[in-house]
Amino acid sequence: MPEKIKLMDWIREHLFNVVPMSIAVIDRDFNLVYANKPFEEKFGKWKGKKCFSVYKSSTTMCLNCKGAEAFQDGKPRVNEEIGFDKSGKLTKYIKHTMPVVDSDGSIPFLVEMATDITEASIIKKEYQLLFDQVPCSILVIDRNFRIVRTNKKIRETFGDLTGKYCYSSLKGFNDKCLECTARDTFSDGEMHTGNHVWRTKDGEDIHSHVSTVPLFKEDGTFDMVMEMAVDITHTLELEDELKIAYSFMETMIATAIDGIIAIDIEGDIIIFNKAARDIFNIHDKRKMTKIELEVLLPEGFMAQVLLGPGHVYLPEAYVKTIDDDKKPVRLSGNKIEFGDGKSGMAFSIQDLRELKRLESEKLEAERMAAVGQTVAGLAHGVKNLITGLEGGMYMMNSGMKKGDVDRIQKGLEMLDRNILRVSTFVKEFLNFSKGRKIKVGECEPGKIARDVVELYASQAGKFSVELICETDDNIMPALMDGEGIHECLTNLVGNAIDACRMSDNQGGNHVWVKTHEKDDVIVYEVVDDGCGMDYEVKKKVFTNFFTTKGLGGTGIGLLTTKKIVQEHGGKIELQSEEGKGTTFRIRLPRNRLPKPESIDI
Amino acid sequence: MIIDDEPDIRTYLMAILEDNGFSVCTVLDNTEVKKGVLSEKPDLIILDIMMPQRSGISIYKELRTCSALNAIPVALISGMMPEKDFIEKEFPALVDDKSVSPPDGYIEKPVQVEKLVALVTQLVEERG
């Protein structure tokens, strides 16, 4: 049977060498007497060597040698072994040991077949590591909802649950859950997800997002489901906090006293609170568009916010309402960058009507207080006038008794003079107490100063006072009550000339009227080198009907000046030194100047 | 001696006092008061409080702190308030110095002729 012989040859010569496992034959002295090619490839040269020296690179026999056992009892066995391959690398293999039993029952040889499982055991180890260390809880459940396996995270949180029902051990239920992703997976073999609340052994609730997948076997059936759960407790807490923060913010925006408007990247208005609706007189629930809003805001404001440095603040501006009215507001616009050059906008709008009303009430109250103060001081002025009149009467009467014509003449002059003063006094007082509504228009600050200097030129010349005008030509026009400022300067220049007249070195005095602007503040200075004031005078200068000019003045001038300066949002300061001179300085910051009653938006 | 910047008042007061037998002088430049007083050596000074350039209070302080002058009686004159208010409240506030003694007399505007004459007579007689 040549075919049979050929087959046997092939089996002997080739099969041994092509099977994917190492095969070796050892004798009773553990000498390797035969080995196939895969063996040689794995463990190296073997001829004339002991098995332990080849498998384990050892010089002595192994403890628990399975080969020795097989020589003893003649039974085949399978076990896992660890050895070293020909390059000394640790290798793990499953070894089948089969005794070759002779016809007399003796066992001269063992056939050992080794399958390398190094790779498989690494994978198994990795799988176990993954199973245990993955940051989620994993359990395997059988069709009875008994837990078959759990990973480390489950064991740490719940203890050992193996063999227990999932619903009782994870939730404390006596029966299966009404909604169960594992059951869904068991019924259709698909993956299912859901949320569950698990209770730990410490009684703490864990919110879990659960996915269940079938564990298919080779034949396509499955008896177990793997359940993987991610702890979303913290996420839910954050979500809750976010919800609270959001609703807090929403309430804040809704109830804010100032109007708040926000526009998103798409140009949609996403916030338009009640205060904003009130400002624009939007009394229905209509949705506003960006284009509609742009028309209501000051012209170019939105573009300024979007194209500028990102923040635009208008302390005083006007917006239109939808019914074409207008309102004074304080307006702030902010660009909100979202990256990629995309941006939204947020606006804050403060209705200034109430503030304006309070301001004008305050101004009125201040004026009334000044009037009150003035009335108190009025007595003083009147007393001086009466004294003058009485003096005139006395001179007249005593002159007549004595037949002294000179005295009568003097008395008449005194009467005349004081009657004139009474009428001036009354006129000025009425003018002051009535109050004058300021008329705002565009003025050239320097021109007002030049006008006043021109007006006083001849009077100054009469008293040999040199009146000098120093005006910075670069001051831009400003919105002011030109007449009011003119009146202020008139008062101050008049006073300065008087101070020069009262000075010791009469004849060589100067009055400077200076105008300049620094840091958006327009400054007027009236400086004289006249008599100056002492402490008592300075203290009273701006108070009531204080005058140092005896019957020559009413004491109203500086009070009026201060009032006008205040109405321009400015301040008036005084520096004076007895015998050296006086400086009055009016400071008018541009951003506080009054706004005209009507303005084009 | 009358120190008042207002000519009408000065004329009036001088006329009253001259008519009642006093001899009256004045200092026109109130920065030169000390010099004037030293040269005139008056028996009484009537001093207005509210004056330009230099107030009566500052002159009063000077008179009171100068040993050569502080024996001369001084009456202050003002239209600001009645005598009681002035001596009790306004004067201490204006002077702001407790070492300065209050004036020997106070005349309120408008001037009552009899009162003025009586006060001047009394103060001059007291001085002897």
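Everything quoted here is computed from the prediction, not taken from an experiment.

Looking now at the overall build of chain B. Scanning chain B from N- to C-terminus turns up five helices and four strands. Relative to its full complement of 128 residues, chain B shows a buried share of 41%. Sequence separation of 24 or more characterises 63% of the internal contacts of chain B that already satisfy a separation of 6 or more.

Further remarks concern the nonpolar core. In terms of nonpolar packing, the biggest core is built from 35 residues, with Ile3, Tyr12, Ile45, Ile46, Leu47, Tyr60 and Leu76 of chain B touching the most fellow members. Here this core gets five residues from one element, more than from any other, and that element is helix H1 (residues 7-19) of chain B. Once residues within four sequence positions are removed from consideration, Ile46 of chain B is found in contact with Ile2, Leu13, Ala75, Ile77 and Ile107 of chain B. In terms of nonpolar packing, the next biggest core, distinct from the first, is built from 34 residues, Val452, Tyr456, Ala460 and Leu588 of chain A among them.

Residues and elements named next belong to chain A. Sheet architecture is open: five strands sit in the order E12-E11-E15-E14-E13, paired in antiparallel fashion. Bordering the open sheet on either side are strand E12 (269-272) and strand E13 (311-320), each of which pairs with just one other strand. Going from strand to strand, the sheet's axes swing by 20 degrees on average, the running direction of each strand aside. Pairing geometry for strand E14 (residues 326-337) and strand E15 (residues 343-351), over nine bridges, is antiparallel. Counted as the bridge partner of Glu337 is Ser343 from E15.

Mapped onto the fold, His14 of chain A is located in helix H1 (residues 2-18). A C-alpha to C-alpha distance of 9.5 Å links His14 of chain A and Lys37 of chain A, two positions 23 residues apart in sequence.

The next thing to look at is the packing of helix H15 (residues 445-462) of chain A against helix H16 (residues 482-501) of chain A. Residues and elements named next belong to chain A. Orientation of H15 relative to H16, taken along the N-to-C sense of each, is 35 degrees, at an axis distance of 9 Å. Viewed along their axes, H15 and H16 form a crossing whose handedness is right-handed. From H15, Ile448, Ala449, Asp451, Val452, Leu455, Tyr456, Gln459 and Ala460 reach across to H16, where they touch Gly482, Ile485, His486, Leu489, Thr490, Val493 and Ile497. Counted by class, the contact of H15 with H16 contains 10 nonpolar, four polar and one charged residues.

Turning next to unusual backbone geometry. The omega torsion across Lys109 of chain B and Pro110 of chain B is -5 degrees, close enough to zero to call that bond cis. Position of Pro110 of chain B relative to the elements: it lies in the loop between strand E4 (105-108) and helix H5 (113-127). Even without a glycine there, the phi angle at Asp520 of chain A is positive, about 65 degrees. On the secondary structure map, Asp520 of chain A appears in the loop between strand E19 (509-518) and strand E20 (521-528). With 12 C-beta atoms counted inside 10 Å, the residue Asp520 of chain A sits in the exposed group. One non-glycine residue, Lys41 of chain B, lies in the positive phi region at around 45 degrees. Its place among the elements puts Lys41 of chain B in the loop between helix H2 (33-40) and strand E2 (45-48).

Another point: the packing of H16 of chain A against helix H18 (residues 557-567) of chain A. All names here are of chain A. Closest axis-to-axis distance for the H16/H18 pair is 9 Å, and the angle between their directions is 145 degrees. Taken as a pair, H16 and H18 cross one another with a handedness that is left-handed. Counting all contacts with H16, which are made through Gly484, Glu487, Cys488, Asn491, Leu492, Gly494 and Asn495, the residues of H18 involved are Gly557, Leu558, Thr560, Thr561, Ile564 and Val565. Along the lines of polarity and charge, the residues of the contact of H16 with H18 split into five nonpolar, seven polar and one charged.

This paragraph deals with the sheet that holds E2 of chain B. All names here are of chain B. Strand order in the open sheet formed by four strands is E1-E2-E3-E4, and the pairing between neighbours is parallel. Either end of the sheet is taken by a strand with one partner, and the two such strands are strand E1 (2-3) and E4. Looking at chain direction, strand E3 (residues 74-78) and E4 are connected through four bridges and run parallel. Of the residues in E4, the one forming a bridge with Ser78 is Glu108. Strands E1, E2 and E3 of the sheet are contacted by helix H3 (residues 56-65), whose axis makes an angle of about 145 degrees with E2.

Residue and element names in this part refer to chain B. Its 13 residues place the ends of helix H4 (residues 83-95) only 16 Å apart at the C-alpha level, less than the 18 Å of an ideal helix rising 1.5 Å per residue. The principal kink in H4, of about 35 degrees, is found at Lys89, preceding the proline Pro92 by one to four residues. Taken residue by residue, H4 has Phe86, Phe91 and Leu94 as its buried positions. At the exit of H4 stands Asp96, carrying a positive phi of roughly 55 degrees.

Procedures and definitions
All residue numbers here refer to positions counted from 1 along the written sequence of the relevant chain. Written order determines the labels here, with chains lettered from A and ligands numbered from 1. Note on the predicted model: pLDDT of at least 70 is required for a residue's local features to be given, and 80 or more for side-chain atom pairs to be given and counted; whole-chain, interface and lining totals, by contrast, use all residues. Counting from the N terminus, the helices are the DSSP runs of H or I reaching at least four residues and the strands are the DSSP runs of E reaching at least two. Here a residue counts as buried when 20 or more other C-beta atoms sit within 10 Å of its C-beta, as exposed when there are 12 or fewer, and as partly exposed otherwise, the C-beta atoms being derived from the backbone. Note that contacts rest on C-beta atoms placed from the backbone: two residues are in contact if these are within 7 Å. Each nonpolar core reported here comprises buried Ala, Val, Leu, Ile, Met, Phe, Trp, Tyr and Cys residues connected via C-beta atoms within 7 Å. Pairing between strands is defined by DSSP: at least two bridges between the two strands are required. Lines fitted to C-alpha atoms define the axes, with helix axes restricted to the stretch in contact, and inter-axis angles between N-to-C directions lie between 0 and 180 degrees. Here a crossing is taken to be left-handed if its near helix is turned anticlockwise relative to the far helix by less than a right angle, and right-handed if that turn runs clockwise. Throughout this entry, Asp, Glu, Lys and Arg are counted as charged residues, while Ala, Val, Leu, Ile, Met, Phe, Trp, Tyr, Cys and Pro are counted as nonpolar. The remaining residues, Gly among them, count as polar. Expected span, for any helix, means 1.5 Å times one less than how many residues it has. Note that bend, as reported per residue, equals the angle between axes fitted to the 7 residues terminating at that residue and the 7 residues originating from it.

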